[in-house]
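Chains, contacts and geometry: an overview
Given next are the chains, with one letter for each unit.
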Amino acid sequence: MKIVRRLAASLLVLACSAGVAPVAQAAPQPSFGIEIGNALLCLNQLNSKYFYDYLTEAFGPPYKTEGGAFWFKASNVNLWGVQVTDLLVNDSSSQADFIGAFFNATPVKLTESISSALGIRFTPDDNSAYPVRQSQAGSKIVYNNTNAKMYCAKSKFLVPSPQQPGP
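Computed from a predicted structure; not experimentally measured.

Rules of the game
Residues numbered from 1 in each chain as written. Predicted model: local features only at pLDDT ≥ 70, side-chain atom pairs only at ≥ 80, totals over all residues. Heavy atoms only, no water. Core = buried A, V, L, I, M, F, W, Y, C linked by side-chain atoms within 4.5 Å. Buried < 20%, exposed > 50% of the residue type's maximum accessible area, 1.4 Å probe, protein only. Helix = DSSP H or I, 4+ residues; strand = E, 2+ residues; numbered from the N terminus. Disulfide = S-S within 2.5 Å. Polar contact = N/O pair within 3.5 Å; in protein donor to acceptor, adjacent residues only side chain to side chain. Contact = heavy atoms within 4.5 Å. 1 Å grid on protein atoms, 1.4 Å probe; cavity = no way out; pocket = protein on both sides within 12 Å on 5 of 7 lines; lining within 4 Å. Points joined across faces, edges and corners; volume = space filled by probe spheres on them. Nonpolar A, V, L, I, M, F, W, Y, C, P; charged D, E, K, R; others polar.

Some words on the nonpolar core
In this structure, Ile-36, Leu-87, Phe-103 and Met-150 are the most contacted members of the largest nonpolar core, which totals 32 residues. Counting only elements with at least two residues in this core, the list comes to helix 2 (32–40), helix 3 (48–59), strand 2 (69–79), strand 3 (82–90), strand 4 (96–103), helix 4 (107–118) and strand 8 (147–155). If you look at the next biggest cluster of nonpolar residues, it comprises five residues, including Trp-71, Leu-88, Phe-98 and Phe-102.

Here it is in structure tokens:
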């Protein structure tokens with residue numbers, strides 16, 4: 001009977017400690033690849049508040065604010081079979097709404113992985129050694145040293161004006 005009580009007490013302590021684990025230890029939602037992946041591919045609307053809340057829930061608060069962005073450290077996260085190291089979303093000082101990600105792979109490897117997984121192609125902008133690669137939807141993959149940085153950005157100021165009534 002003592003063993004049963006000790007086991008029950010141990011399970012209760014374990015259950016309680018699991019309930020108070022920090023949010024930063026939470027795993028991204030199963031929809032992470034769809035939500036974040038489609039936004040990075042410029043296939044979704046960009047809403048910085050929504051993505052800030054989404055990333056905070058998945059990874060905890062941003063570890064820094066720099067360059068007009070909130071930075072989130074990603075751990076054990078892959079998109080299209082490539083490891084993500086950091087995710088960014090614009091802050092209010094930025095002139096654009098954007099979402100970005102840093103990958104532990106070269107831009108060539110990342111574009112090949114996206115093409116294999118989804119059939120979406122990225123075209124180099126020029127024939128330089130380190131070209132910007134762009135999808136038809138406007139997503140860009142650039143070099144960050146030897147690794148890849150991918151982002152989708154849209155100006156906050158290119159909002160159509162309301163139609164004026166005719167004469």
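Still to come is the rest of the account.
Observations concerning the state of the cysteines
Applying the stated rule across the entire model yields one disulfide. Across the disulfide from Cys-42 sits Cys-152; the S-S distance is 2.0 Å. Taking the torsion about the S-S bond as the criterion, the Cys-42 to Cys-152 disulfide, at about 125°, is right-handed. Taken together, the residues span a long stretch of sequence, with Cys-42 in the loop between helix 2 and helix 3 and Cys-152 in strand 8 at a distance of 110 residues.

A look at the side chain of Asn-90
By secondary structure assignment, the location of Asn-90 is in strand 3. The exposure class assigned to Asn-90 is buried, which follows from its relative accessible area of 3%. A distance of 3.4 Å separates a polar atom in the side chain of Asn-90 from the backbone oxygen of Ala-96. From its side chain, Asn-90 meets the backbone nitrogen of Phe-98 in a polar contact 3.0 Å long. Other than its neighbours up to four places away in sequence, Asn-90 contacts Ser-48, Gly-68, Ala-69, Phe-70, Ala-96, Asp-97, Phe-98 and Lys-156.

A few points about the layout of surface pockets
Quantified by volume, the largest pocket comes out at close to 160 Å³. Lining the largest pocket are Glu-66, Gly-67, Ala-69, Trp-71, Leu-88, Phe-98, Gly-100, Phe-102, Lys-149 and Tyr-151. For the lining of the largest pocket, the secondary-structure elements that each account for two or more residues are strand 2, strand 4 and strand 8. Looking at which element gives the most residues to the lining of the largest pocket, the answer is strand 4, with three residues. Taken together, the residues that form the lining of the largest pocket break down as six nonpolar, two polar and two charged.

Everything listed here is a matter of geometry and, on its own, says nothing about what the molecule does.
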